[in-house]
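# Architecture and fold: a report
For reference, the chains in residue letters:
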Amino acid sequence: MSSGQRWDIFCAVIDNYGDIGVSWRLARQLAADFGLQVRLWVDDPASLKKLCPELDLSREIQAVSGVEIHSWHMESPSVCRPSGRHVGLKADIHGDWMRVEPADVVIEAFGCTLPESYVQAMAARAVKPVWINLEYLSAESWVEGCHAKPSPHPRLPLTKYFFFPGFTRATGGVIGEHGLRAQRQAFQSSPEAIDAFWSSIGLPPGQPGEIRVSLFGYENAALAGLLDVWAAGETAITCLVPEGRLMPDLHAGQGFQRGSLNLHIIPFVPQPDYDRLLWACDCNFVRGEDSFVRAQWAAKPFVWHIYPQAEAAHQVKLDAFLDRYLAGMDQAAAEAMRAFWLSWNGVENPNWPDLWRHRVALERHAQDWALHLEESGDLASNLVDFCGQLHLKHGAPGAAP
Ligand code: TRH
């Protein structure tokens, strides 16, 4: 894939910030690290604005961070995905995709369903675009067998490829920008940079002996119990909660002190600042997919609240990740971490003291894991390589193999 090549990413926001979080991060990396011309089509620009405050919601098309962002408008009633989630079919403001020239590579994020007339335009191109369906991240082993598999279109001369993020070399890897480790290490080794970051979100510098925890999430039945344990504990805990649904009655700048717990509501910050928050904290509570990956790159102990799915399908994914992540960790620490994660994803009271007494082992393992992630290759690089290989093999990359 050559620099200057055109890529389209389509993103339908189902809920929360994961779909757009992944799409926006990938779009920025493809533009910044590979010099590609990227258009991001998003059906809910207001969600993107939370992660990217520069976005002007009054404009249909605009360039931000090297990416051309387009509003993508609802055309017809929603359809049901196999996952049980409802998603709309979309068109542009004119409802006429035949006037939009498809890019060289087209990414359909999370099976969001491309507009039919856009697909027709893809098929009409002399050199067919590479068509990628970017799937959700999972640590399950079946992912390796399905990654990069082709699916010929039933009627048109097009092939869609299923690209699975994952944690091994036989998968697509996870998103990780070039130079990320160096950026993180420079930040974490600079007390001035860390203090400047705290100050930027209205917090004083950390105090000796204090533990700083970021707590991003949505409704969670285990929250009250955890706050009680922190309040009753002997160690000073500063808990930073991004403004949102976890504590809907409190707003940025508000908070409370209870026993050893000092809780602050902090602003929901742009994606690059969210990284700094994860890098600066001692432990991070994260969510769905993108914050989960960023916590791994932060190389700090973390706790994942997985996106809940029907019939507890998420439980299998959670176990699969734990099995992979905990392999090679000190056994007592691994058991405490598994128990804590399961309780944070259920309704039992999470046993914080039992987890945190393994702090040193957790920290060491988090650093090893971040290095292991790098070995799997990052998702954007893997995607660019994959599309380049198709191009070499077939000449017309999206044509049936
Ligand atoms: O919000 P999430 O739970 O998102 C999702 C969606 O529910 C989606 O439908 C589902 O499929 C997916 O999870 C698995 O969690 P996630 O993925 O971590 O997205 C949050 C994004 O918000 C992420 O890009 C980080 C970003 N963010 C900021 O940029 N600033 C902030 O202050 C915070 C707290 C988050």
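My aim in this report is to walk through the structure given alongside it, one point at a time. (Residues numbered from 1 in each chain as written. Predicted model: local features only at pLDDT ≥ 70, side-chain atom pairs only at ≥ 80, totals over all residues. Heavy atoms only, no water.)

### Re the sheet that holds strand β2 (residues 37-42)
Short version of the rule: A strand pair is defined by DSSP finding two or more bridges across the two strands. Secondary structure is summarised from DSSP: a helix means a run of H or I of at least four residues, a strand means a run of E of at least two, and numbering begins at the N terminus for each. Each axis is a line fitted through C-alpha atoms, taken for helices only over the stretch in contact, and angles between the N-to-C directions span 0 to 180 degrees. We call two residues contacting when some pair of their heavy atoms lies within 4.5 Å.
On the basis of which strands lie adjacent, the open sheet formed by 8 strands has the order β3-β4-β2-β1-β7-β8-β10-β9 and mixed pairing. Both outer strands of the open sheet, β3 (61-64) and β9 (149-152), are each paired with one neighbouring strand and no more. Ignoring which end each strand starts from, the neighbouring axes of this sheet average 25 degrees apart. Its contacts with the sheet put helix α1 (residues 18-34) on β1 (6-11), β2, β3, β4 (67-71), β7 (105-109) and β8 (130-134), and the angle it makes with β1 is roughly 170 degrees.

### Thoughts on the site of the ligand
Convention followed: Whether a residue is near a molecule or strand is decided by its heavy atoms; if any one of them lies within 4 Å of it, the residue is near. Two N or O atoms count as a polar contact when they lie within 3.5 Å, although within protein this holds only if one can serve as hydrogen donor and the other as acceptor, and sequence-adjacent residues are included solely when both atoms are side-chain atoms. For the area figures, the Shrake-Rupley method with a 1.4 Å probe applies, and any residue is considered shielded solely by the protein chains shown. Just so you know the grouping, Ala, Val, Leu, Ile, Met, Phe, Trp, Tyr, Cys and Pro go in nonpolar, Asp, Glu, Lys and Arg go in charged, and all remaining residues, Gly too, go in polar. For the domains described, the bounds stem from an automatic or database domain assignment.
The full set close to the ligand counts 23 residues, and Asp15, Tyr218, Val269, Asp290 and Ser291 are the nearest of them. Taking Val269, its main chain carries an N or O atom lying 2.6 Å from a nitrogen atom of the ligand. Protein contact buries 98% of the 720 Å² of open area that the ligand shows by itself. Considering each element in turn, the shell around the ligand owes the most residues, 3 residues, to α1. For the shell around the ligand, the per-class residue count stands at 11 nonpolar, 6 polar and 6 charged. The residue makeup of the shell around the ligand includes at least three contributed by each of domain 1 (6-175 + 378-394) and domain 2 (180-375).

### As for the packing of aromatic side chains
For any pair of aromatic rings, the description rests on two quantities: the centre-to-centre distance and the angle between the ring planes. Here is the rule: Between rings of Phe, Tyr and Trp, where Trp is taken as its six-membered ring, a pair exists when centres lie within 6.5 Å; planes separated by under 30 degrees are stacked, by over 60 edge-to-face, and by other angles tilted. Burial classes: relative accessible area under 20% of the type maximum marks a residue as buried, over 50% as exposed, and values in between as partly exposed (1.4 Å probe, protein chains only). Either the NZ atom of lysine or the CZ atom of arginine qualifies as a charge over a ring when it sits within 6 Å of the ring centre and within 35 degrees of the ring normal.
Counted under the stated rule, the structure contains 35 aromatic pairs. For the pair Trp142 and Phe164, a centre-to-centre distance of 5.5 Å together with 85 degrees between the ring planes defines the contact as edge-to-face. Here the residue Trp142 occupies a position in helix α4 (residues 142-146), and Phe164 occupies one in the loop between β10 (159-163) and α5 (180-188), the gap between them amounting to 22 residues. With relative accessibility at 45%, the residue Trp142 sits in the partly exposed group. For the ring pair Phe167 and Phe292, a centre distance of 6.4 Å and an interplane angle of 75 degrees mean the geometry is edge-to-face. With Phe167 in the loop between β10 and α5 and Phe292 in helix α9 (residues 290-297), this residue pair connects regions lying 125 residues apart in the sequence. Residue Phe167 is classed as buried on the basis of its relative accessible area, which comes to 3%. Taken together, Phe167, Phe292, Phe302, Trp304, Phe321, Tyr325, Trp341 and Trp369 form an aromatic cluster joined through their ring pairs. Seen from the ring of Trp198, Arg212 lies directly overhead, with NZ or CZ sitting 4.5 Å from the centre.

### Some thoughts on the pairing of strand β12 (residues 237-242)
Going by this rule: Handedness is read with the strands pointing away from the viewer; a crossover is right-handed when the path from the first strand over the helix to the second is clockwise.
The element β12 is extensively covered by neighbouring structure, given that 6 of its 6 residues are classed as buried. Taking every second residue as pointing to the same face, both faces of β12 are buried, with Ile237, Cys239 and Val241 on one and Thr238, Leu240 and Pro242 on the other. Pairing between strand β11 (residues 211-215) and β12: 4 bridges, direction parallel. The residue bridging Ile211 from the neighbouring strand is Ile237, located in β12. With helix α7 (residues 223-232) bridging β11 and its parallel neighbour β12, the resulting β-α-β unit is right-handed. Bridge analysis of β12 against strand β14 (residues 261-266) gives 6 bridges, and the strand direction is parallel. In the sheet register, Pro242 faces β14, and the bridge partner there is Ile266.

### Notes on the packing of helix α8 (residues 271-280) against α9
To describe two helices that pack against each other, one gives the angle between their axes and the distance between the axes. For the record, the criterion: Roughly parallel here means an angle under 35 degrees, roughly antiparallel means over 145, roughly perpendicular means 65 to 115, and every remaining angle is called oblique. Should the near helix be turned anticlockwise from the far one by less than a right angle, the crossing is termed left-handed; should it be turned clockwise, right-handed.
Contact pair α8 / α9: the axes reach a minimum separation of 9 Å and the direction vectors enclose 50 degrees. On the basis of the axis angle, α8 is oblique to α9. Read as a crossing pair, α8 and α9 show a hand that is right-handed. Residues Gln271, Tyr274, Asp275 and Leu278 of α8 lie in contact with α9, whose contacting residues are Asp290, Ser291, Arg294 and Ala295. Class assignment of the residues belonging to the contact of α8 with α9 gives a composition of 3 nonpolar, 2 polar and 3 charged.

### Some thoughts on the pairing of β10
Most of β10 is tucked away, with 4 of its 5 residues classed as buried. Note that β8 and β10 share 4 bridges and pair parallel. The residue of β10 that forms the bridge with Ile132 is Tyr161. Inspection of the sheet shows β9 paired to β10 by 4 bridges, in the antiparallel sense. Across the sheet, residue Lys149 finds its bridge partner in β10, namely Phe162. A loop of 6 residues connects β9 with β10, the two strands running antiparallel in sequence.

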